[in-house]
Amino acid sequence: MWEIVGMEGKADSNYEEHLTAPPAWWAIAALAAVMAGLVFLRASAAAAVIAAIATAMAAAVLVVAYGRVGLRVHDGYLEAGTARLPLTALGAATALDAEAARRLRTTEADARAFMLLRGYVRTAVRVDVADPADPTPYLYLSTRRPEKLVRALAER
């Protein structure tokens, strides 16, 4: 039922969202580079510069990679990260405010659920899985626009 897909074929999308990392993460990456430079400053100025640049590059790659994940509804499919499901296998979708999303990803979570979770995104959508052959009870999808995603899923 689940397919792993790449990022090709972006046309004909009726919903698309990338869960990019917040600006504070970039500030933390910059501070990590400064700290690395300061640690290596005792060795030499050149070592400090090299350490700062290497740390900045590594931190930037990590921030971009973690924030690159996306949600997409198009051509009868829901793509959430690397998972791809036909909309016909999905049941009801429910928009979750910050408190409901927190509960569903913590105390009310089901270990069998598919979680596309980004801690810096406070709201989410719960999508029930209607396929009886699939042991996954629901999808938890972090999203900054839960109502819009629910509408896109309802338009199937």
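Calculation rules
Residues numbered from 1 in each chain as written. Predicted model: local features only at pLDDT ≥ 70, side-chain atom pairs only at ≥ 80, totals over all residues. Heavy atoms only, no water. Helix = DSSP H or I, 4+ residues; strand = E, 2+ residues; numbered from the N terminus. Rg over C-alpha atoms; globule rule 2.2 N^0.38 Å. Buried < 20%, exposed > 50% of the residue type's maximum accessible area, 1.4 Å probe, protein only. Contact = heavy atoms within 4.5 Å. Areas by Shrake-Rupley, 256 points an atom, 1.4 Å probe, with all protein chains shown as cover. pLDDT = per-residue confidence, 0-100. Core = buried A, V, L, I, M, F, W, Y, C linked by side-chain atoms within 4.5 Å. Salt bridge = Lys/Arg side-chain N within 4 Å of Asp/Glu carboxyl O. Axes fitted to C-alpha atoms, helices over the stretch in contact; angles between N-to-C directions. Parallel < 35°, antiparallel > 145°, perpendicular 65-115°, else oblique. Left-handed = near helix turned anticlockwise from the far one by under 90°. Nonpolar A, V, L, I, M, F, W, Y, C, P; charged D, E, K, R; others polar.

When you go through the chain residue by residue, the secondary structure sums to 4 helices and 9 strands. Each helix and strand of the chain, placed in order from N terminus to C terminus, yields the pattern β-β-α-α-β-β-β-β-α-β-β-β-α. Here the C-alpha atoms of the chain give a radius of gyration of 19 Å, more than 25% beyond the 15 Å that 2.2 N^0.38 yields for 156 residues. Along the three orthogonal principal directions, the C-alpha set of the chain runs to about 65 × 35 × 25 Å. In the chain, which comprises 156 residues, the share counted as buried stands at 38%. Summarising the internal contacts of the chain: among those between residues at least 6 apart in sequence, 68% fall at separations of at least 24. Carbon together with sulfur atoms contributes 64% to the accessible area of the chain, which is approximately 8,700 Å² in total.

Take unusual backbone geometry next. The phi dihedral of D75 falls on the positive side, at around 50 degrees, and the residue is not glycine. Position of D75 relative to the elements: it lies in the loop between β3 (70–74) and β4 (77–80). Judged by relative accessible area, which is 52%, D75 ranks as exposed.

For W26, the location among the structural elements is in helix α1 (residues 23–40). Of the residues examined, W26 reaches a relative accessible area of 37% and is grouped as partly exposed. In sequence terms W26 and Y138 are 112 residues apart; their C-alpha atoms lie 32 Å from each other. Other than its neighbours up to four places away in sequence, W26 contacts A21, A60, V63 and V64.

Our focus in this paragraph is the confidence of the model for the chain. When pLDDT is low, close inspection of the predicted coordinates is not appropriate. Mean pLDDT for the chain: 91, with 92% of residues reaching 70 or above. Counted against residues more than four places away or in other chains, residues 1–12, with its pLDDT under 50, gives 32 contacts.

Our next topic: the nonpolar core. The biggest cluster of nonpolar side chains holds 25 residues, and the ones touching the most others in it are V73, L78, L90, L139, L141, L149 and L153. Of all the secondary-structure elements, those providing two or more residues to this core are β3, β4, β5 (83–86), β8 (124–129), β9 (138–142) and α4 (146–154). Counting residues per element, this core draws most heavily on α4, which supplies 4 residues. Counting residues in each nonpolar core, the second largest holds 8 residues, with A100, L104, A124 and Y138 among its members.

Our focus in this paragraph is the pattern of salt bridges. Inspection of the entire model under this criterion finds 7 salt bridges. Its salt-bridge partner being R103, residue E108 comes within 3.3 Å of it at the nearest N-O pair. Overall, the relative accessible area of 31% leaves R103 in the partly exposed class. Through salt bridges with shared partners, one network takes in E99, R102, R103 and E108.

What follows concerns the packing of α1 against helix α2 (residues 45–67). Contact geometry for α1 and α2: axes closest at 7 Å, N-to-C directions at 155 degrees. Here α1 is positioned roughly antiparallel relative to α2, judged by the angle of their axes. Crossing angle aside, the handedness with which α1 passes α2 is right-handed. Residues W25, W26, A29, A32, A33, A36, G37 and F40 of α1 touch α2, and the partners they reach there are A47, A48, A51, A52, T55, A56, A59, A60, V63, V64 and Y66. Across the contact of α1 with α2, the residue classes tally to 17 nonpolar, 2 polar and no charged.

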